[in-house]
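In case you want the letters, here they are:
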Amino acid sequence: EGFIVVERPFTEDWDEALKEAIITEDFAPSLERGGTVFGAFDEDALIAFATLLPDFFGSEGQYVQLMQLHTSYEYRGKGLGKRLFELCVLEAQSWGAKKIYISAHSADETQQFYRGIGCVDAKEVNQRLAELEPYDCQLEYALV
């Protein structure tokens, strides 16, 4: 099964309002449910983050979701995303998960990143997540 690269213009605009929304609408509820948020900072500026949700799903309860993994554009290529992912792996393992599930942006550089760290197409697709972001690629990362 192969992939076709199709041009779909996408503007990444992380303005202050969006950053605030992510903190209040994503980080806070994730933490309240027992999830984990990792952040990387340059002095006081948040430059990269990852959010791991504690809700198990899949036919055997094998998955937890990597809800977000983002590195600010000017800090990419320095290993921050990989390090944050490694921290998520350790956390998911401590929870007893077997796999991390990622509904990943379909951008070529995003796919190269995830596949480069060992992610593969998800064996079981979470239909709810796939329907929320129909252009995302549904991936998984085995923890065992």
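Quick note: structure is the one above.
Residues numbered from 1 in each chain as written. Predicted model: local features only at pLDDT ≥ 70, side-chain atom pairs only at ≥ 80, totals over all residues. Heavy atoms only, no water.

Draft legend 1. Structural context of the overall build of the chain. Within the chain, the regular secondary structure consists of four helices and six strands. Within the chain, contacts between residues separated by at least 24 positions form 57% of all contacts whose residues are at least 6 apart in sequence. Accessible surface, the chain as shown: approximately 9000 Å² in total, 52% of it carbon and sulfur. (Helix = DSSP H or I, 4+ residues; strand = E, 2+ residues; numbered from the N terminus. Contact = heavy atoms within 4.5 Å. Areas by Shrake-Rupley, 256 points an atom, 1.4 Å probe, with all protein chains shown as cover.)

Draft legend 2. Highlighting the sheet that holds strand 2 (residues 45–52). An order of 1-2-3-4-6-5 is seen for the six strands of this open sheet, with the pairing classed as mixed. Here the strands that pair on one side only, and so sit at the sheet edges, are strand 1 (36–42) and strand 5 (120–121). Relative to strand 3 (residues 63–71), strand 2 is paired through five bridges, and the arrangement is antiparallel. When the sheet's bridge partners are listed, Phe49 is paired in strand 3 with His70. Across the sheet, helix 2 (residues 80–95) lies against strand 1, strand 2, strand 3, strand 4 (99–104) and strand 6 (137–142), angled at about 30° from strand 2, the strand it touches most. (Pairing = 2+ DSSP bridges. Axes fitted to C-alpha atoms, helices over the stretch in contact; angles between N-to-C directions.)

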